[in-house]
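Fold and geometry: a report
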Amino acid sequence: MYASSLFKYILVVLFLWNMPAQAAVNIQHWQTTTGAEVYFVENHDLPIIDLSINFAAGSAHDKKTKSGLASITRYLMTLGAAGFSDEAISKRIADVGAIIGGELDADRASFKLRTLSNAREREQALDIYIKILQQPDFPEVVLSREKARIIAGLKEAATQPESIASRAFMTALYGDHPYALDSSGELETVSAIKREDLQKFYQDHYAANGAVIALIGDLSRDEAAKAAERIASRLPAASTISALPSVIYPDKANEQRIPHPASQSHILLGYPGVKRGDADYFPLYVGNYILGGGGFVSRLTEEVREKRGLAYSVYSFFMPLAELGPFQIGLQTKTDQVDTALKLVRETLDKFINNGITEAELNSAKQNIIGGFPLRLDSNGKILDYLAVIGFYKLPLTYLDDFSAKVNQVTSASIKEAFKRRIKTDKLITVIVGGSQ
Amino acid sequence: MLIRNILVALALIPATALASIQEFKLDNGLRIVVQEDHRSPVVVSQIWYRAGSLDEVNGKTGVAHVLEHMMFKGTQNVKAGQFSRLIAAAGGKENAFTGNDYTAYYQQLEKSQLPLSFRLEADRMANLQLTDEEFAKEIKVVMEERRWRTEDKPQSLVNEQFQSTIYRVHPYARPVIGWMNDLENMTAADAREWYHNWYAPNNATLVVVGDVKADEVLKLAKKYFDVLKPHVLPVRKPQTEPEQKGERRVIVKAQAKLPYVQLGFHVPALRDADQDWEPYALEILAGVLDGNPSARLSQSLVREEKVAVDVGAGYDMIARGQQALFELNGTPSEGKTAAELEAAMLLQIEKIKEFGITNEELQRVKAQVIAADVYKRDSMFYQGMQIGMMETSGFSWRILKDYPAKLSAVTPEQVQAVAKKYLLRDNLSVATLDPQSIDPNDKKTKAKPYVR
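Residues numbered from 1 in each chain as written. Chains lettered and ligands numbered in written order. Predicted model: local features only at pLDDT ≥ 70, side-chain atom pairs only at ≥ 80, totals over all residues. Heavy atoms only, no water.

**Quick look at the overall build of chain A**
- Along its length, chain A carries 17 helices and 13 strands.
- The C-alpha atoms of chain A give a radius of gyration of 23 Å, which matches the 22 Å a tight globule of 437 residues would have.
- Along the first, second and third principal axes, the C-alpha set of chain A runs to 60 × 60 × 35 Å.
- Here chain A holds 437 residues, and 58% of them are scored as buried.
- Across chain A, contacts joining residues at least 24 apart in sequence account for 82% of those joining residues at least 6 apart.
- On chain A, roughly 17,400 Å² of surface is accessible, and the fraction owed to carbon and sulfur atoms is 54%.
- In chain A, the 48 positive side-chain charges and the 50 negative ones have mean positions that sit 2 Å from each other. (Helix = DSSP H or I, 4+ residues; strand = E, 2+ residues; numbered from the N terminus. Rg over C-alpha atoms; globule rule 2.2 N^0.38 Å. Buried < 20%, exposed > 50% of the residue type's maximum accessible area, 1.4 Å probe, protein only. Contact = heavy atoms within 4.5 Å. Areas by Shrake-Rupley, 256 points an atom, 1.4 Å probe, with all protein chains shown as cover. Lys, Arg positive; Asp, Glu negative; His and termini not counted. Charge placed at Lys NZ, Arg CZ, Asp CG, Glu CD.)

Printed below as a string of structure tokens:
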């Protein structure tokens, strides 16, 4: 009974692969008069509007001597604008049940707004959101207060093994490249940041030209166009953003052991991985699913957790960025098992890269990634994030439509070839936090 | 915090978006709740067992969660690890979670794959093979999980001690993950006993949300679950925490830089969904203190007095164990002590007891709760969570419908009244983190979390 049912699922998935291409999401794209790129999906199922604006203003745009500036600038923009205090901003947003959020990674600074679509709520929320983007005040008292909070957080993080491992890993992996910079900055650099630094970073990095606005929800194309026009109308004029430098690959393996008294050691291994839009992206993505991305069914989970009980969590991922983002393997294990676990992870990776994968593994991976594609688009929140990525990294508008076909084109040979060429196991970066000296 | 946001207003959704909920019960006692949501061609299927750490006994803490892990270790029909492989091959995502009140398993799938989920869940509800060999491996994984979640996380250690201080008698005193000593001494027989006690259709609720038709879900559920036999469940004795008579304190030493303080008061949980008003007033109180960045705790203690770098407040009214806490927590700013922050937090409580809250604050909390409920509709998974938690805690999902009216009826006077009645010194417990500096070569500095 089991075999026959399983066969049925394989057939269903195969059938899906051969379905004629149809638009997964109907994305409308245009430019505002000020040069911001707009990506819009109209959807009236829920009385909600989600939007984001994205700037090339992530932590990789920090100077090493001012590490943390990008993040503080983004955050402080939300804490005082057009004469409204942080308290007044919070109250006006809360009064209409709206949520202002946003993120900062190495490449990108974003501001998100989620609001009810009723005119009163929408207008009040949008009004505050636009003030934050266009008229940030960077109040001196707020800056000194927030710096103190960030510094407290940095000191706390410096005692915790997970944070220690992550910082040491990125530093070893990227050296002088700005991807080595931690978005929270360093004690000395954060302490030294001044109001003028924030104003200058804002002027230099928050121009409309090149900004990406993503919009989804309960508004018409016409309303979306008007909202986008307002959002992008009075942003700083000039932008002096220079492209990020290329990542230089490590010339030799590097293993660091950092003592820590915690009961578990934290292990990170990796190598510079892929860029957004990289020709090798799909073979590496599908291959990584088999290696350590596929949750309970990956090789790393099977070897480390399922067969031997050495860890609760073991994973691998590629984080594609504008330049080569990290390929990373991570796990935590009781300190006296570190060497056993590390050896096993290295053997698993070596075997994966040298011997490749089976056709059965490839099929299972494709079944999961293609069969699960609808789950990627089952909420406005998820689609909003795809719109921002497509716009920010200039991926084709048909990225989501083409996704399953690209996955389907991957072969076991292309996975083996891409991993072998891209991930040099004799030059891996390894960081272990835990154990005594 | 999680549950506080769950109990929200379905009735306020515009009619176009209002999904229908239907419930059924099979002859073997399995309850089925289906919420149709046709926005996307996907489905989430969750099966909730009324078995959590609440039902454990001393010496076997953590067994509910260990069994959750073991549920992926195979049946007569599906060998160890195959459950996950079959769901993955169908394009699905799956996992499970254990709490004080429940253990739940879920799959998220393209909608045509729902039969696979039912077939596998029905199979492992009755046919789990709990071998000594698989148990021996998995208990090590769970101990690693405890190290990762608790042993090496100073604030988790504080929370664990806080729970076992504020509760002396009630099972909520025990950590869901279990004490390390109990995990070290747990056997496959303990897991088998748990499985045979609690895994039965008459102790479970199946919740399905997605692009499905309720009657077809029922038909499918009958096909796979009807054959399962109900069990006589162990008798659940009522367990009540005796009234606290005087302040309680505990200090935890652990490697960290910043102190941390957690405060709690015993308050009522929801019992009678028609008559009770105090739980709703307590929920408003939590929102006034910590519902948004301009709420009282953050505004006063982080922004104005700068005595804290972080503060929070929370209240969960839904608990199968019928015990609830009103909690406050915070991290002092550099140069401030945990005692100073504790005093500042308690002063905020005293201000509400003396002067009450403003109508403006009340309206702001209500506006946020109403909006948050609309937003939650963007997640099928979360809608399933709402229903599952309600049903598992002994309430019907139907009380969700009355929730906005109940909340809107709360007055500033009622909020002040619950603060005056329950947030009292003799009803207070405080757990504090005493941060220890790190010397990796000196084993003596290592925290002893089990010693109070």
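**Looking at empty space enclosed by the protein**
All names here are of chain B.
- Across all of its chains, the model carries two cavities of 30 Å³ or more by this definition.
- Empty space within the largest cavity amounts to approximately 50 Å³.
- In this structure, the largest cavity is lined by Met-71, Phe-72, Gly-74, Thr-75, Val-78, Phe-83, Leu-120, Asp-123, Arg-124 and Leu-128.
- The element contributing the most residues to the lining of the largest cavity is helix 3 (residues 114-126), with three residues.
- The residue inventory of the lining of the largest cavity, partitioned by class, reads six nonpolar, two polar and two charged. (1 Å grid on protein atoms, 1.4 Å probe; cavity = no way out; pocket = protein on both sides within 12 Å on 5 of 7 lines; lining within 4 Å. Points joined across faces, edges and corners; volume = space filled by probe spheres on them. Nonpolar A, V, L, I, M, F, W, Y, C, P; charged D, E, K, R; others polar.)

**Overview of the sheet that holds strand 13 (residues 429-433) of chain A**
- Strand order in the open sheet formed by five strands is 9-13-10-12-11 (chain A), with mixed pairing between adjacent strands. Because the sheet does not close on itself, it has two edges, and the strands there are strand 9 (254-258) and strand 11 (314-318) of chain A. For this sheet, the mean inter-axis angle between neighbouring strands, taken without regard to orientation, is 10°.
- Note: strand 10 (residues 264-272) of chain A against strand 13 of chain A, five bridges, orientation antiparallel. The residue of strand 13 of chain A that forms the bridge with Ile267(A) is Ile432(A).
- Contacting strand 9, strand 10, strand 12 (326-334) and strand 13 of chain A, helix 12 (residues 338-355) of chain A runs over the sheet at an angle of about 150° to strand 12 of chain A.
- The strands touched by helix 4 (residues 132-151) of chain B within the sheet are strand 10 and strand 12 of chain A, with strand 12 of chain A carrying the most contacts at an inclination of about 105°. (Pairing = 2+ DSSP bridges. Axes fitted to C-alpha atoms, helices over the stretch in contact; angles between N-to-C directions.)

**Quick notes on the confidence of the model for chain A**
- Chain-level statistics for chain A give a pLDDT mean of 93 and a share of 94% at 70 or above.
- Here residues 1-22 of chain A is modelled with pLDDT under 50, and outside its nearest four sequence neighbours on either side it reaches 23 contacts, counting other chains as well. (pLDDT = per-residue confidence, 0-100.)

**Details of the interface of chain A and chain B**
- The interface of chain A with chain B comprises 70 residues on the first partner and 71 residues on the second.
- Inspection of the region where chain A meets chain B yields nine salt bridges.
- A salt bridge links Lys73(B) to Glu306(A), with the nearest nitrogen and oxygen atoms 2.7 Å apart.
- Here chain A is connected to chain B by 30 residue pairs in polar contact (both at pLDDT 80 or more). (Salt bridge = Lys/Arg side-chain N within 4 Å of Asp/Glu carboxyl O. Polar contact = N/O pair within 3.5 Å; in protein donor to acceptor, adjacent residues only side chain to side chain.)

**Here we look at the side chain of Gln244(B)**
All names here are of chain B.
- On the secondary structure map, Gln-244 appears in the loop between helix 8 (214-225) and strand 7 (248-255).
- A polar contact is formed between the side chain of Gln-244 and the side chain of His-266, at a distance of 3.2 Å.
- A distance of 2.8 Å separates a polar atom in the side chain of Gln-244 from the backbone oxygen of Leu-428.
- Apart from residues no more than four positions distant in its own chain, Gln-244 is found in contact with Ile-166, His-266, Asp-426, Asn-427, Leu-428 and Ser-429.

**Things to note about the side chain of Glu146(A)**
Residue and element names in this part refer to chain A.
- Along the chain, Glu-146 turns up in helix 5 (residues 140-157).
- Of the residues examined, Glu-146 reaches a relative accessible area of 3% and is grouped as buried.
- At 3.2 Å, the side chain of Glu-146 forms a polar contact with the side chain of Arg-149.
- When sequence neighbours within four positions are dropped, the list of residues in contact with Glu-146 reads Tyr-75, Leu-76 and Leu-79.

**A few points about the domain arrangement of chain A**
All names here are of chain A.
- When cut into domains, chain A gives domain 1 (27-233) and domain 2 (254-433).
- For domain 1 versus domain 2, the separation of C-alpha centres amounts to 28 Å.
- Facing the 36 residues of domain 1 at the interface are 35 residues of domain 2.
- In this assembly, domain 1 packs against domain 2 so that about 2,900 Å² is buried in total across both faces, 74% of it on carbon and sulfur atoms.
- Along the contact surface separating domain 1 from domain 2 lie one salt bridge.
- Across the pair Asp-385 and Lys-112 runs a salt bridge, and its minimum N-O distance is 2.9 Å.
- At the level of secondary structure, the elements contributing two or more residues to the side of domain 1 that touches domain 2 comprise strand 2 (37-42), strand 3 (48-55), strand 7 (109-116), helix 6 (161-174) and strand 8 (212-217).
- Broken down by element, the side of domain 1 that touches domain 2 gets its largest block of residues, 11 residues, from helix 6.
- Taken together, the residues that form the side of domain 1 that touches domain 2 break down as 21 nonpolar, nine polar and six charged. (Domains from an automatic or database assignment. Buried area = accessible area lost by both parts, 1.4 Å probe.)

**With respect to the pattern of salt bridges**
- This model, assessed by the stated rule, comprises 66 salt bridges over all chains.
- In this structure, Arg114(A) and Asp378(B) form a salt bridge, with 2.8 Å as the shortest nitrogen-oxygen distance. Taken together, the residues Arg114(A) in strand 7 and Asp378(B) in the loop between helix 12 (359-376) and helix 13 (380-392) connect one chain to another. Asp378(B) carries the same exposure label as Arg114(A), and that label is buried.
- With a shortest N-O distance of 2.9 Å, Lys307(A) and Glu303(A) are connected by a salt bridge.
- Under the relative-accessibility criterion, Lys307(A) is labelled partly exposed at 40%.

**Some thoughts on the pairing of strand 2 of chain A**
Residue and element names in this part refer to chain A.
- Among the six residues of strand 2, five are classified as buried, and the element is accordingly described as predominantly covered.
- By the bridge criterion, four bridges tie strand 1 (residues 28-31) to strand 2 in an arrangement that is antiparallel. Residue pairing for strand 2: Trp-30 is matched across the bridge by Val-38.
- In the sheet, strand 2 pairs with strand 8 via six bridges, with the strands oriented parallel. Residue pairing across strands places Glu-42 opposite Gly-217, the latter belonging to strand 8.

**With respect to unusual backbone geometry**
- A positive phi angle, close to 50°, is found at Lys394(A), a residue other than glycine.
- Note that Lys394(A) resides in the loop between helix 15 (380-392) and helix 16 (399-409).
- Despite not being glycine, Lys306(B) shows a phi value in the positive range, around 55°.
- When you line up the elements, Lys306(B) lands in the loop between helix 10 (296-304) and strand 9 (308-315).

**Quick notes on the environment of Asn197(B)**
- Note on placement: Asn197(B) falls in helix 7 (residues 188-198).
- With sequence-adjacent residues up to four places away left out, Asn197(B) is seen in contact with Leu233(B) and Pro234(B).

**Some remarks on the sheet that holds strand 10 (residues 324-332) of chain B**
Residues and elements named next belong to chain B.
- Spatially, the five strands line up as an open sheet ordered 7-11-8-10-9, and their pairing is mixed. Only two strands of the sheet have a single neighbouring strand rather than two, namely strand 7 and strand 9. Between one strand and the next, the sheet's axes are offset by a mean angle of 15°, whatever the strand orientation.
- Across seven bridges, strand 8 (residues 260-267) lies against strand 10 in antiparallel orientation. Bridge assignment links Phe-265 to a residue of strand 10, and that residue is Phe-326.
- Strands strand 8, strand 9 and strand 10 of the sheet are contacted by helix 9 (residues 278-290), whose axis makes an angle of about 165° with strand 9.

**What about the confidence of the model for chain B?**
All names here are of chain B.
- Model confidence for chain B is summarised by a mean pLDDT of 92, while 93% of its residues fall at 70 or above.
- Across residues 1-18, confidence stays below pLDDT 50; counting only partners more than four residues off in sequence or on other chains, it has 59 contacts.
- The complex prediction reports pTM at 0.93, with the ipTM value standing at 0.92.

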